[in-house]
Structures are given as structure tokens and as C-alpha cells.
Amino acid sequence: MADLKGKIYKFFNRLVEVIDEKSNKDWILYGYDNLLPNKLLKYVNESGTAKACVSKLAEYIEADGFVSEQTSNYQFNKEQKGEDFLSDIAQQVSIYNGFVLLVKRNTFNEVKEAEIVPLDKVRKDKKDRKKLWYNPTIGTKYYQQSKWQSYPLYNPNAVNVYSTFPQGELAYFYKKSADNPHYPVPDYYAGIEDVITSSELSKVDLEMAWNGFMPSAILTFIGNPSAPIQDNKHKTIDDYYDEVLNSFTGADKDRDGMSGRFSLLKMWAATKEEIPNLQTFDAKAIIDATNAKREVINREVCRLFKVPPVLIGFSEATVLGNQQALSNSQKVLIDVANPMQRFITESLQTVFKLDFSISQKQPNAVADPSLLDVLTADEKRRIFFGLEPIKPVENVNQ
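Along each chain, residue indices are assigned from 1 in the same order as the chain's sequence is written. Totals for whole chains, interfaces and linings use all residues, but because this is a predicted model, local features are given only for residues with pLDDT of at least 70 and pairs of side-chain atoms are given and counted only at 80 or more. Hydrogens are left out, water is left out, and the side-chain values use all remaining heavy atoms of the structure.

Bringing the overall build of the chain into the picture now. Numbering of helices and strands runs from the N terminus, with a helix taken as a DSSP run of H or I at least four residues long and a strand as a DSSP run of E at least two residues long. Helix and strand content of the chain: eleven helices and eight strands. Exposure is judged per residue with a 1.4 Å probe applied to protein chains only, and the accessible area is read against the type maximum: over 50% gives exposed, under 20% gives buried, and values in between give partly exposed. When each of the 398 residues of the chain is scored for burial, the buried share is 36%. For every accessible area listed, the method is Shrake-Rupley and the probe measures 1.4 Å; residues are considered covered only by the protein chains on display. Summed over all atoms, the accessible surface of the chain reaches about 25200 Å², with 53% contributed by carbon and sulfur.

Have a look at this one:
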């Protein structure tokens, strides 16, 4: 009896990233290919719903800016005062759950400025936990290994920093946990498949539109595809059919994006048996399936980012015509943003001696109809809109 040999195959989720400390690089890999944060940015930007959630969350984190007027007007770097500085940090925290600053000091060892550094461009040193690495090209098609630069980790108690590290220090802020001791991993990554699915559903619709909603099909020809055509271009029959069908199906477009997808293709066959055989797939079933799945997936994406769907445009039966329900949704997102605001405040206070308290977004004011009946016009202006009473018009004829 012949020996039976077999292999054991390991199946794994291709999206699960591992933060690797044992690579042969000088830095701890951020994901198995060192590109996890770059992928997060790509996934978010390719999903309209995820992008809307990030923008809405950043809006609630930023709210009306810093409470302190001094902090709002402070020049943090050559291009940014307080409001713009906070806005950029809120975007980084919304995507990565952390942010990085390039801190520079003067000759008196005082912090003179801080610039926001994209978190996806920074990695931690594998051996020296007081060193960070930065590469502006990582995650791009122009990646250059030679662009890696080392920076010291920001230490508020360090001395002689200006002379020792003229390039500055990197302050890396995030909340450590059991599953992310080295780098921030946002909660929505646990369901990143839904974010990617949201993007892919949009791409399906785009491809259908590009192809004039023509169904996918299998087209079978009789004959030798490598047979040359009797011309001086040295093309095969297969090359010829590819060109014709690309034009006919709308795959080839002119400079205005127009194509010949709605046209008539004329072909000949020597015999009836040589007529191409076309087997189409049910496009309606595909369209119906994507339409049914789209809202389910996009709502799930909202849940992953902890953003109530109604706040980014999804209608809710409990909200339509119900201002109290809308106000409650706003309060939910305010509660989500508050810990992130405190995280930013506490982080920045380790760098600058300023008040970094952030204002809180206010939900829509909603009053009981019975209360509105007993309020004066001036009281309504003051309570719900923060406006002064209307001053009576003076009679100039008196």
C-alpha cells in the first residue's frame, strides 16, 4: 500500500496584523509588513461612510476650539495657531487614536514650537525605547529606505536638548493597552472588514456605471486565438477581438470620459457553428444584492466608529420629525469625543505650559411644547439661541 502523505494548511485572516518586535529592522514593525497605519488611512479614505465618520468625530473633538483665548491665539509653529493646531490633532486622533509632535526648543531649553507629524510615518526603535524613527516616504510608491531618520523621544525633563538634538524631539502620544503596547490600534480595526466592504460596494457600483450596467459574461469563440490577421500590424485574432470589445463595452474612453458602450457591434462568422457563444450572468441579482447590503454595511461602519448614523445622513424612523431623538444622538457622540478631548489636553500639557481645555460641542436645544407656550419671545431668544432681547424701536417723532 502506498504511503499517504498530506499537508496541514494554516488558514488565517489576511487582515489581522501582528506588531513584530523580532524583525531584522532597527524599528518595531507596525503590522507584519510595517504598514498598518498607512493601510488604516487608505481604508478610511476609500470608504465614504468611514471618511464621514472620521470627519464628524473630529468635528466633535475640536468643538469650538480651546477654551483659553491665550491658547487659541498661541503660535505653535510658523503656520498654525491654536485652532488649526487642534484641528489637525483631532483628525489624527479620529483615525489612529494617537498623534505625534516634532518638538523644538530654544537655547534656554524651553519649548518654542511644535509641528504635527503624520503618525503613519513614525516607528519605535526596537532596542532603544527612547528613540523613534521617521520616514516621510513610507506608505507611498516613492518609498526610500535611505530616508529613515532617528529622533529622540520627547522628555520634558531633558537638559541641553537644543545643542544635543538640534533637529528636535518626537513626542508620541497614545493610550497603551494589553493589545497595543507599542503602537495605537483604533477600536474600529476589529471590524475593518466592514470598512473595506463599504469601499468595495461603492466600487462595484462604479464599475457597473463604467460598463453601462452590462452584465458580466463568458464569450466563447471557435478557432485559434493565436492565428495572425492578414495585415501588416502582426496582430492575432485575439488581439483584434480585445480591441473591438474594449471599445464596445465601454472599457476604452475618450478624453471626456465618453465611450461607445451603447453601440452596435457587427461581426461575421464563416459558418453558423462559428458564431460566438455568449453566457451572461444575472446583473439584476448583483445589483439587488449590493443595494440590500449597502445600508447594512454602512450602518455597521458607523457603529465601529461610534458615530450615530443619523449624524452623517442616514434616516432613522425614531429621528425623523423628532428633535429630541436627534439631540440624544448628538449627546452620544459628545460622550464618545469627551475622553479623546481629555487625552489631547493631558498630552499637550506635558509639552506646553498652557491651558489646553477644549470646549464641548452642545446638542440642539429641545423644549417641551407646553414650556414654549409660557415663554416670552425674549426668553426663547436667550435660552435657545443665546441672543439678547429685542430692543424696542424708539419713536423719533416724539
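Next comes the rest of the write-up.
Pairing between strands requires that DSSP locate at least two bridges from one strand to the other. Reading across from one edge, β2-β1-β6 is the order of the three strands in this open sheet, with antiparallel pairing throughout. Unpaired on one side and paired on the other, β2 (111-117) and β6 (169-174) mark the two borders of the sheet. Between one strand axis and the next, the sheet turns through 30 degrees on average, direction left out of account. The pairing of strand β1 (residues 98-105) with β6 spans six bridges and is classified as antiparallel. Directly across from F99, in β6, lies its bridge partner F173. When checking whether two residues touch, look at their non-hydrogen atoms; a contact exists if any pair is within 4.5 Å. The angle between two axes is taken between their N-to-C directions and runs from 0 to 180 degrees, where each axis is a line fitted to C-alpha atoms and a helix contributes only its stretch in contact. Contacts between helix α4 (residues 82-96) and the sheet are confined to β1 and β2, with β1 contributing the most and set at about 140 degrees to the helix.

Glancing now at the nonpolar core. Definition of nonpolar core: a set of buried residues of the types Ala, Val, Leu, Ile, Met, Phe, Trp, Tyr and Cys, connected through side-chain atoms within 4.5 Å. With 73 residues, the main nonpolar core has F99, L101, L170, Y172, F305, I344 and L348 as its most contacted residues. Of all the elements, helix α9 (residues 323-348) adds the most residues to this core, at nine residues. Residue contacts for L101: discarding those within four places in its chain leaves F85, A114, E115, I116, V117, E169, L170, A171, F173 and L348. Judged by nonpolar contacts, the second largest core, of five residues, contains W27, W133, I138 and W148.

Attention now goes to the packing of aromatic side chains. To pair, rings of Phe, Tyr and Trp, with the six-membered ring standing in for Trp, must have centres within 6.5 Å; the planes then decide the type, stacked if under 30 degrees apart, edge-to-face if over 60, and tilted in the middle. Taken as a whole, this structure holds 16 aromatic pairs when the rule is applied. Ring geometry for F99 against F173: centres 5.0 Å apart, planes inclined by 35 degrees, an arrangement best described as tilted. Taken together, the positions of F99 in strand β1 and F173 in strand β6 put the pair 74 residues apart, joining distant regions of the chain. We classify F173 as buried; its relative accessible area is 11%. Among the aromatic side chains, those forming a connected cluster through ring pairs are F66, Y74, F76, F85, F352 and F356. The lysine or arginine in question, K124, covers the ring of Y172, its NZ or CZ lying 5.4 Å from the ring centre. Two limits define a charge over a ring: the Lys NZ or Arg CZ must be within 6 Å of the ring centre, and within 35 degrees of the ring normal. The residue whose ring lies beneath K361 is Y60, and the NZ or CZ to ring-centre distance is 5.5 Å.

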